[in-house]
Amino acid sequence: MQSRRLLKDRIASKLMMLLTIFSGLIVFVMAFGLYQRSRPILAIKPLAELLFSTSWHPLRGEFGFFPFIMGSLWVTGVALAIAVPLCLLTAIYLSQYAHRRVREWTNPLIDLLAGIPSVVYGMWGILIIVPLIKNDIAPFFGIFSTGYSVIAGSIVLAIMIFPIIIHVSVEVFRSVPYEVSEASLALGATKWQTVKHVVIRKAMPGVIAAIVLGLSRAFGETMAVLMVAGNVAEAPSSVFDPAYPLPALIANNYGEMLSVPLYDSALLLASLVLLLVVLFFNIISRVILIRVERSIQ
Amino acid sequence: MSRRNIEENVFKGLMVVSTLIILSTLVLILATVTVKGLPALNLAMITQTPKGGYYLGKEGGVLNAIVGSLYLAGGATLLAISISLVVVLYLNVYAKKDSHLAAFTRFSFDVLWGIPSIVYGAFGFTIMIFFGLRTSLLAGIIAVSLLILPIMSRAMDEVIRMVPEELFDASYALGATRLETAFKVIARQALPGILTAVLVAFGRGIGDAASVIFTAGFTDSIPYSLFRPAATLPLAIFFQLGTPIPEVQDRAYASALILTVIILIISVVSRILTKKFTKHIVK
């Protein structure tokens, strides 16, 4: 009896370890699987041509990702420009100024914002943001726009990355030891002066990690952007131009991709590129955050 | 008032305004979904499948998407639980505190958590081709379970880490093996937290469109087998919003409201569970 229980424990231990190792390797399996499927196109075209050619004509066998990469960069960049100042101010307020009760009220609301599905964001964008840009914002600058544009995508994206940037940076700001701020306050600095010169400086690496996490989330977000950014395969040159970011390209062509030769391979290569870019950003920010955590302990 | 006090107040004002802007976006989104969705919602909407094609037919509702989404998110959640629970218990019961495997697995979950859902969809598609599957409920379940695995595991890991060391000692002192300790003591102690993790993951799974667009497909009918395509609420919103017919667009608005209400319920229930859970934690 005794030995059977121990045997069970030992067998379970090995099986559980195998499953753990397997789940740790999923990232690699995904990268490998996508690489396998994108080999046919990599065998014919050099990677540089695929990434930097502007010619996207799948029927002629021309797969230039450049317009889509530019679309992604525009949408992500503008979204960050909108989100970062708002999020940092909010995070400083919640971590340094706000009463505990305010935090208890805002936390669940921000969590809820994170839980809203991206198609719902997209629908909201179509109903509210797109008409707003078409009828009010673009005419204000004397520009014609259908509303489906870089700026529409960016506004929706900015809202979608609020929660992650706020959440991580609040944690980081709160992890700055209170003694440090106390020293500054004791020298007669105002609260804001303390925040500006001491807290932000101390929290800088963590804040950068938070922003990078937001960036990678924005870079990979698909449905909402697909619904409001306009999807024209041309690199945008202004925020009122339509954009066609990489994830939108992948999602939008699932139907045709098996009927055109190399099309599926090109799209899975696009997924692989997306995976590697996001992986890169994620690893950087996670390593920073682990360092920050260690430096506190 | 001195300059630095003016600066103090200006920035404090900016912070409050930013916070209000961010919170008001939430209100605005929820209001839009409600205003558009509520008039579109009626009994036929939630008890009938679309008639005459989901893209053009004016009659019928979104039952296909409701049932499809529940099957899909439910199946994916079950699959993810069976992996997550085992892995997380292994990390916390068997693995040593400074084990490289544990550190590596946790890091890899953190990284997986950030990977966009469209990549899971594309990877799910490569699995589908590899096994010769067509777009089906099963393929969707596999893609979504991979998507929610890191979310569930991280959340479970966090609650199981909070289980006090003494509980392990007490269990071992009674002669229990690690396996018995893991599933009979630790998992039970952390049960409310585990349920929260499961709920959060389910919510994420039911709301995701990009991972199922390649894998689960879309259909007018309710799937009766794992190998049939399945409609989902997010895709019902996405496809039906794109039609020129107002009656069909109404189905999209109704789907959005249903989906949002599901997410709201999950969020409230998991808050309650978390509160209950932290009350009993020995600190």
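Every value quoted in this text rests on a predicted model; they were computed, and no experiment measured them.

A. Spotlight on the overall build of chain B. Tallying secondary structure elements over chain B gives eleven helices and zero strands in all. Listing the helices and strands of chain B from first to last along the sequence gives α-α-α-α-α-α-α-α-α-α-α. Along the first, second and third principal axes, the C-alpha atoms of chain B reach 70 × 65 × 35 Å. Summarising the internal contacts of chain B: among those between residues at least 6 apart in sequence, 76% fall at separations of at least 24.

B. Up close: the overall build of chain A. Helices and strands together make up the secondary structure of chain A, namely twelve helices and two strands. Ordering the α and β elements of chain A from the N terminus gives α-α-α-β-β-α-α-α-α-α-α-α-α-α. Referenced to the eigenvectors of the C-alpha coordinate spread, the extents of chain A come out at roughly 80 × 70 × 35 Å. Split into buried and exposed, the 297 residues of chain A put 48% on the buried side.

C. Representation of the interface of chain B and chain A. Across the boundary between the two partners, chain B contributes 66 residues, which contact 68 residues of chain A. It is helix α1 (residues 3–40) of chain B that contributes the most residues to the side of chain B that touches chain A, 20 residues altogether. A class-by-class count of the residues in the side of chain B that touches chain A yields 42 nonpolar, 15 polar and nine charged.

D. Main features of the domain arrangement of chain B. Residues and elements named next belong to chain B. The domains assigned to chain B are domain 1 (3–40) and domain 2 (44–279). Using C-alpha coordinates to define each centre, domain 1 is positioned 30 Å away from domain 2. Contacts between domain 1 and domain 2 engage seven residues on the former and seven residues on the latter. Residue classes in the side of domain 1 that touches domain 2 are distributed as four nonpolar, two polar and one charged.

E. The packing of helix α3 (residues 63–94) of chain B against helix α8 (residues 178–189) of chain B, seen in detail. Residues and elements named next belong to chain B. Remark: α3 packs on α8, axes separated minimally by 10 Å, with the N-to-C direction vectors making an angle of 110 degrees. Taken together, the axes of α3 and α8 lie roughly perpendicular to each other. As α3 packs across α8, the resulting crossing turns out to be right-handed. Each of Leu85, Leu89, Asn92, Val93 and Tyr94 in α3 lies in contact with α8, whose residues at this interface are Arg178, Thr181, Ala182, Phe183, Ile186 and Ala187. Looking at the contact of α3 with α8 residue by residue, the class counts come to eight nonpolar, two polar and one charged.

F. The arrangement of the nonpolar core in detail. Within the largest apolar cluster, 190 residues are counted, with the highest numbers of intra-cluster contacts made by A:Val228 and A:Ala229. Counting residues per element, this core draws most heavily on helix α7 (residues 150–175) of chain A, which supplies 18 residues. Two domains share this core, each providing at least three of its residues, namely domain 1 (3–40) and domain 2 (44–279) of chain B. If we skip the residues at most four places from it in the chain, A:Val228 touches A:Gly122, A:Gly125, A:Ile126, A:Ile129, A:Val130, A:Tyr148, A:Ala152, A:Gly153 and A:Val156.

G. Region of the structure containing the environment of B:Lys276. All names here are of chain B. Relative to the assigned elements, Lys276 resides in helix α11 (residues 246–279). Classification of Lys276 by C-beta neighbours within 10 Å gives partly exposed; the count is 13. Remark: the alpha-carbon pair of Lys276 and Ser108, spanning 168 residues in sequence, is separated by 30 Å.

H. Seen up close, unusual backbone geometry. You will see that A:Asn231, though not glycine, has its phi angle at about 55 degrees, which is positive. With respect to the helices and strands, A:Asn231 occurs in the loop between α10 (223–228) and α11 (246–252).

I. A look at the packing of α3(B) against helix α9 (residues 191–207) of chain B. All names here are of chain B. In the contact formed by α3 and α9, the axes pass within 9 Å of each other and the chain directions differ by 135 degrees. It follows that α3 is oblique to α9 by the angle criterion. Considering only the axes of α3 and α9, their crossing is right-handed. Of α9, the residues touching α3 (which contributes Ser69, Ala73, Ala76, Thr77, Ala80 and Ile81) are Val198, Ala201, Phe202, Gly205 and Ile206. Of the residues that constitute the contact of α3 with α9, the class distribution is eight nonpolar, three polar and no charged.

J. Looking closely at helix α10 (residues 233–241) of chain B. Among the nine residues in α10(B), nine count as buried, and that is most of the element. Looking at α10(B), one finds that the buried residues are B:Leu233, B:Pro234, B:Leu235, B:Ala236, B:Ile237, B:Phe238, B:Phe239, B:Gln240 and B:Leu241.

K. Region of interest: the environment of B:Trp113. Residue and element names in this part refer to chain B. Looking at the element boundaries, Trp113 is found in helix α4 (residues 100–113). Between the alpha carbons of Trp113 and Ser267 there is a distance of 19 Å; along the sequence they are 154 residues apart. Beyond its immediate sequence surroundings of up to four residues, Trp113 is in contact with Pro150, Ile151 and Arg154.

The rules behind each value
Residues numbered from 1 in each chain as written. Chains lettered and ligands numbered in written order. Predicted model: local features only at pLDDT ≥ 70, side-chain atom pairs only at ≥ 80, totals over all residues. Helix = DSSP H or I, 4+ residues; strand = E, 2+ residues; numbered from the N terminus. Contact = placed C-beta atoms within 7 Å. Buried ≥ 20, exposed ≤ 12 C-beta atoms within 10 Å, placed from the backbone. Nonpolar A, V, L, I, M, F, W, Y, C, P; charged D, E, K, R; others polar. Domains from an automatic or database assignment. Axes fitted to C-alpha atoms, helices over the stretch in contact; angles between N-to-C directions. Parallel < 35°, antiparallel > 145°, perpendicular 65-115°, else oblique. Left-handed = near helix turned anticlockwise from the far one by under 90°. Core = buried A, V, L, I, M, F, W, Y, C linked by C-beta atoms within 7 Å.

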